[in-house]
Amino acid sequence: MINIAIMGHGTVGSGVAELLINENGRIEDAVKSQINVKYILDLRKFDNLSYSDKFTDDFKVISDDDEIKIVVEVMGGINPAYQFVKECLLKGKSVVTSNKELVAAKGAELIDIANKNNVNFLFEASVGGGIPILRPLISCLAANEISEINGILNGTTNFILNKMIKDNMDFEDALKIAQDKGYAEKDPTADIEGHDACRKICILAALAFKKHVYPNQVETTGITDITLDDIEYADNFGFVIKLIGSAKKLASGNISASVRPTLVSKENMLSNVDGVFNAISVKGDAVGDVLFYGRGAGKMPTASAVVGDVIDCAKHLNAREYLYWNDGFDSYVETPDESTVLYVNATSDNSSELLESIISLFGEDIKMLRSSKDNSVAFLTNKDTKSKLLSKIKCIKADKIKILHTLF
Ligand code: HSE
């Protein structure tokens, strides 16, 4: 029998407990041993569960118990998760986590501690919810040099954008539903401002390119500025708006990384990823493009990934050593002057001056759309370097300008 502890009994933690405690022999068959949930750490009381006797509010009970071989951390946040995880690893316990904030901030250090203590630190659930992505990336695709990763990495924002696109629902109503469904973080700011997707692209980039990428190195923009008008304009241009996390290997050996609302061409498979689903497209030199798709948030999909890691740990109680990356450095993430097409939404009370300035800067043939509701005009630029496009956009005679990137 292998004893484990679960730290946190929120949305994901309760899913993990249910999967492990109610299991009907399938997990025991896979591990060839029983997995016993000995403790669940939470400050709250859960008196009416069939497993209420397992709760403790004292971390020491877990860390001091030598019978505990695997600890699941599903509390979220950096503190106290970081101290708890570190102490467990130092005491020779393997740790499984879904905590992308922790992995994005402290991954390199915790992997190193795990390796030195001959235990595992696994975090498949930290990216893409239930989608198997981290293991395939570093194991099945190990023969490839990865050049690029693009993905829809946040279920909450994809759900909100989808509700806005398909049901014409406004932002706040869609967010409320995403919260009720258990997709959003405790503080949904992390979802809608792009921080959650940023942490996930940091983890993917670290695994693909083998150096730690810190969230503050990634240019991050959320979806709070996206209006129903933008969605309608995008649709008319043949695009849908998605929050895209992206990381690319540059010729210099450094990388570029970003999270931003992007007009995705309807020809691109990512444009069809709806609701809470996530999709991650990976480009390797041997395999070409591979797309990973599935539910990116929610109790049971995420618990599925966590329990998969628990089973892996239980089958290999000593270190697996396949997840690793080195520490990063300040200039590792660059902002290259990429060749691109930008979406521009410009508003002015003087519409004739606005239109004239756009035509004189971008040419007569440019396709422009005008809103019936306000004084805005939207268009897609021609393809050019971002710096040249931005210097032209600066000269548009408008009161307000919104710029979004595109993905074909
Ligand atoms: N809040 C996250 C999301 C949960 O919406 O994707 C899964 O990481």
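Above this text is the structure in question.
Treat the numbers as computed from the prediction; the structure is a model and nothing was measured.

(A) Structural context of the overall build of the chain. Helix and strand content of the chain: 14 helices and 18 strands. The globule rule puts the C-alpha radius of gyration for 408 residues at 22 Å, and the 23 Å found for the chain is close to it. Here the chain, with 408 residues, has 55% of them falling under the buried criterion. Across the chain, the fraction of contacts at a sequence separation of at least 24, relative to all contacts at a separation of at least 6, is 74%. Side chains of the chain give 45 positive and 57 negative charges; the mean places of these two sets differ by 3 Å.

(B) Molecular detail of the layout of surface pockets. Estimates place the volume of the largest pocket at around 1100 Å³. V74, M75, G76, E185 and K186 are the residues nearest the centre of the largest pocket, which is lined by 48 residues in total. Of all the secondary-structure elements, those providing two or more residues to the lining of the largest pocket are helix 1 (11–21), helix 5 (100–116), helix 7 (155–167), helix 9 (189–192) and helix 10 (195–209). Taken together, the residues of the lining of the largest pocket sort by class into 14 nonpolar, 21 polar and 13 charged. The space that makes up the second largest pocket amounts to roughly 450 Å³. Forming the boundary of the second largest pocket are 26 residues, of which K248, R260, E338, T340 and T406 lie nearest the centre. Contributing elements (two or more residues each) for the lining of the second largest pocket: strand 7 (146–152), strand 9 (239–249), strand 10 (255–265), strand 13 (339–340) and strand 18 (400–407). Broken down by element, the residue count for the lining of the second largest pocket peaks at five residues, all from strand 10. Broken down by class, the residue content of the lining of the second largest pocket amounts to eight nonpolar, ten polar and eight charged.

(C) Highlighting the site of the ligand. Taken together, K100, N154, G155, T156, Y183, A184, E185, D191, D196, K200, G296 and A297 make up the full set of residues adjacent to the ligand. One nitrogen or oxygen atom from the side chain of K100 is found 2.6 Å from an oxygen atom belonging to the ligand. A distance of 2.8 Å separates a nitrogen atom of the ligand from a polar backbone atom of Y183. In isolation the ligand offers 250 Å² of accessible surface; the protein chains occlude 94% of this area.

(D) Spatial organisation of the nonpolar core. Formed by 112 residues in total, the largest nonpolar core has its most connected members in I4, F121, F123, L204 and I280. In terms of residues, this core owes the most to one element, helix 10, which gives eleven residues. The contact partners of I4, leaving out residues within four places of it in the chain, are L20, I35, N36, V37, K38, Y39, I68, I70, V72 and V310. Within the second largest apolar cluster, 13 residues are counted, among which are V344, L355, F362 and V377.

(E) Focus on the side chain of N3. Residue position: N3 is located in strand 1 (residues 2–7). Polar contacts involving the side chain of N3 include one to the side chain of N36, which spans 2.7 Å. Once residues within four sequence positions are removed from consideration, N3 is found in contact with N36, K38, E67, I68, K69 and I70.

(F) Expanded view of the packing of aromatic side chains. Under the criterion given, the structure shown has ten aromatic pairs. Centre to centre, the rings of F121 and F123 are 5.4 Å apart; their planes meet at 50°, and the pair counts as tilted. Residue classification places F121 among the buried positions, given a relative accessible area of 4%. Ring geometry for F123 and W325: centres 5.8 Å apart, planes at 70°, overall edge-to-face. Of the two residues, F123 is situated in the loop between strand 6 (121–122) and helix 6 (134–140) and W325 in the loop between helix 12 (299–315) and strand 13; the sequence distance between them amounts to 202 residues. Note on W325: relative accessible area 5%, which makes it buried. An aromatic cluster is present here, built from F46, Y51 and F55 joined pairwise through their rings. Over the ring of Y82 we find K106, and its NZ or CZ is 4.6 Å from the ring centre. The cationic tip of K210 hangs over the ring face of Y324; the distance from NZ or CZ to the ring centre is 4.9 Å.

About the criteria used
Residues numbered from 1 in each chain as written. Predicted model: local features only at pLDDT ≥ 70, side-chain atom pairs only at ≥ 80, totals over all residues. Heavy atoms only, no water. Helix = DSSP H or I, 4+ residues; strand = E, 2+ residues; numbered from the N terminus. Rg over C-alpha atoms; globule rule 2.2 N^0.38 Å. Buried < 20%, exposed > 50% of the residue type's maximum accessible area, 1.4 Å probe, protein only. Contact = heavy atoms within 4.5 Å. Lys, Arg positive; Asp, Glu negative; His and termini not counted. Charge placed at Lys NZ, Arg CZ, Asp CG, Glu CD. 1 Å grid on protein atoms, 1.4 Å probe; cavity = no way out; pocket = protein on both sides within 12 Å on 5 of 7 lines; lining within 4 Å. Points joined across faces, edges and corners; volume = space filled by probe spheres on them. Nonpolar A, V, L, I, M, F, W, Y, C, P; charged D, E, K, R; others polar. Near = heavy atom within 4 Å. Polar contact = N/O pair within 3.5 Å; in protein donor to acceptor, adjacent residues only side chain to side chain. Areas by Shrake-Rupley, 256 points an atom, 1.4 Å probe, with all protein chains shown as cover. Core = buried A, V, L, I, M, F, W, Y, C linked by side-chain atoms within 4.5 Å. Phe/Tyr/Trp six-rings, centres within 6.5 Å; stacked < 30°, edge-to-face > 60°. Lys NZ or Arg CZ within 6 Å of the ring centre and 35° of its normal.

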